[in-house]
Amino acid sequence: MRYNGNGVIEAETAGSLMKKEFITIQTTSTVDEAIMHLRETVGEMKNIHYLYIINEFDGLVGALSIRELLSANGSKPVTEVMVKKLSTFTADKDQEKVARIFQDTDLVSIPVVNRQNVILGVVHVEDILDVMQQEATEDIHKMASVTTAPPALEGGLMDATVGLLYRKRIVWLVILVFMNVFSGAGIAHFEDIIEANIALVFFLPLLVDSGGNAGSQSATLVIRAMAIGDVKIRDWFKMFTKEITVAAAMGFTMALAVSVVGVVRGGVDIAIVVALTMVLIVVVGSVVGMSLPFIFKKLKLDPATASAPLITSLCDIVGVLIYFGIAAWFLNL
């Protein structure tokens, strides 16, 4: 959300969070004059942690905490004791980015300024805590394929109506049903292979679920890293090489474990097919799960939309093709 054409502040921006209670002091003031001004103006104001120093054009040039103000030499100009390097943001700054700035700076209040650097208001850390909870809830809902479109679950899950919960969940579930049709089509395509070696069916859920689980893990790690600013779009190749290495190690470990079951259920040949499939499915699932958030981010969509159910469905389709493709090749079916 941003300013609309009339300059009105819209929701989910720094402007919608800011408070208009703040105290400014001119650069020409001394510390004693600033203390006197503070006593005269603070009144019923709440959360006054800083004095903001402005120049003759009302431009913000520095800030001074109340503690620093009271401990400074009274005859000194405020410009000598103020902090000049300030963290600020404009009123149209997205609230999620505002929350990230608070996390990076550990400040209790940050001023909101206009394009001319004139202070408009102040955002306090307690307001950001609500934002962080709201944003985290939205991301979790998206990762579970629960739509975040209005109306929101403002009253919580216990107070939500049956109709509202139905509308929130049904859209993605229907989409995923049609995606899973492709898994069924893949299985139907390999009917002859399945009939020739029925033992293959036993391992199908195990293998495709492993790919989905690995992909969901990768996606969750990347989405969270993106949310806190630890991973950027430019980091894809670095993450890709790291994920390939980790996924291969996990795949070989899981292949070793499942091959034992393969020998018992279908013999050595089936065990080899299952082991090879496990390695490939885990690697492919992990790469898909890691890459989807980058793709969504590049398309200017929320990375959290690359949800676990979506990744699981994609890995199911790919897993079926990999499994029966390897079986057809190795067993000459």
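These numbers were taken from a predicted model, which means no experiment stands behind them.

Criteria and thresholds
The residue count restarts for each chain, going from 1 along the sequence in the order it is written. Local features in this predicted model are restricted to residues of pLDDT 70 or higher, and side-chain atom pairs are both shown and tallied only at a pLDDT of 80 or more, whereas totals for entire chains, interfaces and linings draw on every residue. Hydrogens and water are ignored here; the side-chain numbers use all heavy atoms of the structure. Helix and strand labels come from DSSP, where a helix needs a run of H or I of at least four residues and a strand needs a run of E of at least two; each type is numbered from the N terminus. The contact definition used throughout considers only heavy atoms, calling two residues in contact when any of these lie within 4.5 Å. Accessibility throughout is a Shrake-Rupley quantity obtained with a 1.4 Å probe, and a residue counts as covered only by protein chains that appear here. For patch building, the residue pool is restricted to those with more than 30% relative accessible area and no salt bridge; the joining distance is 9 Å between like charges and 5 Å between nonpolar side chains (Val, Leu, Ile, Met, Phe, Trp, Tyr). Salt bridge, as applied in this entry: a Lys or Arg side-chain nitrogen positioned within 4 Å of an Asp or Glu carboxyl oxygen. Nonpolar core, defined: a set of buried Ala, Val, Leu, Ile, Met, Phe, Trp, Tyr and Cys residues in which side-chain atoms within 4.5 Å join the residues together. Relative accessibility thresholds used throughout: buried, under 20% of the residue-type maximum; exposed, over 50%; partly exposed, between the two (1.4 Å probe, protein chains only). Only rings of Phe, Tyr and Trp enter the pairing, Trp through its six-membered ring, and a pair is recorded when the two centres are within 6.5 Å. The plane angle decides the type: under 30 degrees is stacked, over 60 is edge-to-face, the rest tilted.

## As for the overall build of the chain
- Helix and strand content of the chain: 12 helices and 6 strands.
- Restricting to contacts in the chain with at least 6 residues of sequence separation, those with at least 24 account for 66%.
- Within the structure as shown, the chain displays about 18,200 Å² of accessible surface, and the carbon and sulfur contribution to it stands at 61%.

## Some thoughts on a nonpolar patch on the surface
- Together, V263, V268, I272, L276 and W329 make up a nonpolar patch on the protein surface, roughly 480 Å² of accessible area in all.
- Tallying contributions element by element places helix α11 (residues 268–298) first for the nonpolar patch, with 3 residues.
- Mapped onto the elements of the fold, W329 is located in helix α12 (residues 308–330).

## Topic: the nonpolar core
- Counting residues in each nonpolar core, the largest one holds 26 residues, and the members touching the most others are L200, F203, L207, V273, V274, Y323 and F324.
- Looking at this core, the elements with two or more residues in it are α8 (191–196), α9 (199–227), α10 (236–266), α11 and α12.
- Those residues within four positions of F203 in sequence are excluded, and the remaining contacts are V258, V261, G262, R265, I270, V274 and Y323.
- Judged by nonpolar contacts, the second largest core, of 15 residues, contains A34, L64, A72 and M82.

## Thoughts on the packing of aromatic side chains
- Considering all chains together, one arrives at 6 aromatic pairs under this definition.
- Ring geometry for F190 against F324: centres 5.5 Å apart, planes inclined by 25 degrees, an arrangement best described as stacked. Of this pair, F190 sits in the loop between α7 (162–189) and α8 while F324 sits in helix α12, and the two are 134 residues apart along the sequence. The same class applies to F190 and to F324, which are both buried.
- Where F202 meets F203, the ring centres are 4.9 Å apart and the plane angle is 85 degrees; that geometry is what we call edge-to-face.
- Look at F202 and you get partly exposed, because its relative accessible area is 39%.
- Pairwise contacts between aromatic rings join F190, Y323 and F324 into one cluster.

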